[in-house]
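Chains, contacts and geometry: an overview
So you can see what is in the structure, the chains are spelled out below.
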Amino acid sequence: MIHPVLLCGGSGTRLWPLSRKSYPKQFTRLVGEESLFQASARRLTGEGFAAPLIVTGDPFRFIVTEQLAAIEQAPQAVLIEPEGRNTAPAILAAALYLERTDPDALMLVAPSDHVIPDPVAFRAAVATATDRARAGLMVTFGITPKHPETGYGYLELAAGSDPKAQTPQPLARFVEKPDAARAAAMLTAGNYLWNAGIFLFSARTVRAAFEQHAPDLVAGVTAALDGAELDLGFTRLAPEPWAGLADISVDYAVMEKATNLEVMPYHGHWSDLGGWDAVWQEAGPDADGNVCSERASAIDCRDTLLRSETEDQQIVGIGLSDTIAIAMGDAVLVAHKTDAQRVKEAVAILKEKGARQATEFPRDHRPWGWFESLAMGARFQVKRIVVHPGASLSLQSHHHRSEHWIVVQGTARVTIDDEVKLVAENQSVYIPLGAVHRMENPGKLPMVLIEVQTGSYLGEDDIIRYEDLYARR
């Protein structure tokens, strides 16, 4: 049995404004009808695969379970990192977790934001590498390079290895992201593969590799796992030992030092969607090289990507060439396609300005649903709130604001101090400042309401919680 380990961290700055720290790219629908995370989970299912083990951060825990439920999957476990510490601690935590029940458990570690459109071929490559992983080797997956790419790390095959082979090959070394000249030379040499960041090994084998090459991580991650707490089915790693861990990738910590490595060449299509230029390519440009979303139009354009991510917003390009234009309700990106990798510079500038658009997604996802701000003034804010069937907001009160709720779809069960009542579609209710209140959706369909807040302070931190189904504080 192979245990998929999906890594769900990162900030996704290269795909801003659609991908942001509060809602990174793996959870968005960039290509296809499902998120990249859902596609990754589907890819690693079927005969011989256990339920996935997810490693993610606290803000994403309910997004993970909600998106898995939408494709009728359930995780075997969700490990919550107290803070991001790169891939080495995350992978080690998953290994130690699995080793406690099965030391020989095979782990297939994969990012959750890659595109691999042929899951059958990929699972066949994994199956081919399984015997080598069971024999104590650590197998990394290499992608046949299509062009001289400077955005990827490379894997140099050992002398005599065959990059076109259908079986694992000996590895000579890891190569950092090269400049253009070096990338072209490696493509010509023919014995290099792109490093996909996907690994297959047993829990016992990778733990031993960490003990040899990164023993400090083993002590800290073990302590974090020993001190972990169960919280609504999630496993929260202990924050104190985790905070002392090095922020380091698994390549630097272990892989570049290990000698029991082999490479499984994968000859199918693969992309890490590392920029909007990659999204343009994956989306399948038309005869003029254009990719337009449903609410986008191109007139006399060539090789452009035009996307509108807001329901009532149209974007039109006229006479554009090699242009990326991404429109959202609170931010717009326009760039030459060759500058796609510079989008992270825009995020850095917005952070310096203190602009919330740098990191905050306009739609705020919560365990009970989501909300978005429709209008805001000096002493008021209007929100649209969507509550999932059977879900409930916390029992709470506010020091600085009162609220009006107008139900526009479904029925809300509303608690205000000692009174509980149903508020139907086209009805409203007033929540006085300081009142202890709660909103629930008792129905079987999403409930939608408009909330009008008025008061001297409207921040999300003006909440006193008394009870919460999701154990938030």
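Residues numbered from 1 in each chain as written. Predicted model: local features only at pLDDT ≥ 70, side-chain atom pairs only at ≥ 80, totals over all residues. Heavy atoms only, no water.

Some points on the UniProt feature "domain: Nucleotidyl transferase" (unreviewed entry) in the protein
Here the UniProt feature "domain: Nucleotidyl transferase" (unreviewed entry) sits at residues 4-282. Across residues 4-282, the secondary structure splits into 35% helix and 22% strand, with the terminal C-alpha atoms separated by 25 Å. (UniProt positions renumbered as here; feature names shortened; annotations may be inferred. Helix = DSSP H or I, 4+ residues; strand = E, 2+ residues; numbered from the N terminus.)

Concerning the sheet that holds strand E16 (residues 323-327)
Pairing is mixed across the open sheet formed by 4 strands, whose spatial order is E12-E14-E16-E17. The two strands at the open ends of the sheet, each matched to only one other strand, are strand E12 (291-292) and strand E17 (332-336). (Pairing = 2+ DSSP bridges.)

Some words on the sheet that holds strand E20 (residues 380-387)
Reading across the sheet, the 6 strands line up as E18-E19-E20-E27-E22-E25 and stay open at both edges, with antiparallel pairing between neighbours. This sheet does not close on itself; its edge strands, each paired only once, are strand E18 (363-366) and strand E25 (428-431). Averaged over all adjacent pairs, the angle separating strand axes in this sheet is 20 degrees, with direction ignored. In terms of strand pairing, E18 meets strand E19 (residues 369-376) through 4 bridges, oriented antiparallel. Residue pairing for E19: histidine 365 is matched across the bridge by tryptophan 370. (Axes fitted to C-alpha atoms, helices over the stretch in contact; angles between N-to-C directions.)

With respect to the UniProt feature "domain: MannoseP isomerase/GMP-like beta-helix" (unreviewed entry) in the protein
The feature "domain: MannoseP isomerase/GMP-like beta-helix" (unreviewed entry), as annotated in UniProt, sits at residues 298-348 in this numbering. For residues 298-348, the end-to-end C-alpha separation is 30 Å, with 12% helix and 39% strand making up the annotated structure.

A word on the packing of aromatic side chains
On inspection of all chains with the given rule, the structure shows 12 aromatic pairs. Aromatic side chains phenylalanine 62 and phenylalanine 234 sit 5.3 Å apart centroid to centroid with 85 degrees between the ring planes, which places their arrangement in the edge-to-face category. Separated by 172 residues along the polypeptide, phenylalanine 62 in helix H2 (residues 61-70) and phenylalanine 234 in strand E10 (residues 234-236) bring together distant segments of the chain. Taking the relative accessible area as the measure of exposure, phenylalanine 62 reaches 14% and is therefore buried. Arranged with centres 5.8 Å apart and planes meeting at 45 degrees, the rings of phenylalanine 122 and phenylalanine 141 form a pair that is tilted. With phenylalanine 122 in helix H4 (residues 119-134) and phenylalanine 141 in strand E5 (residues 138-143), this residue pair connects regions lying 19 residues apart in the sequence. Classification of phenylalanine 122 as buried rests on a relative accessible area of 3%. Through a chain of ring-to-ring contacts, the aromatic side chains of Tyr23, Phe27, Phe37, Phe60 and Phe361 assemble into a single cluster. Looking at lysine 337, its charged tip hangs above the ring of tryptophan 280, at a distance of 3.8 Å from the centre. Taking the ring centre of tryptophan 370 as reference, the NZ or CZ of arginine 363 above it sits at 3.6 Å. (Phe/Tyr/Trp six-rings, centres within 6.5 Å; stacked < 30°, edge-to-face > 60°. Buried < 20%, exposed > 50% of the residue type's maximum accessible area, 1.4 Å probe, protein only. Lys NZ or Arg CZ within 6 Å of the ring centre and 35° of its normal.)

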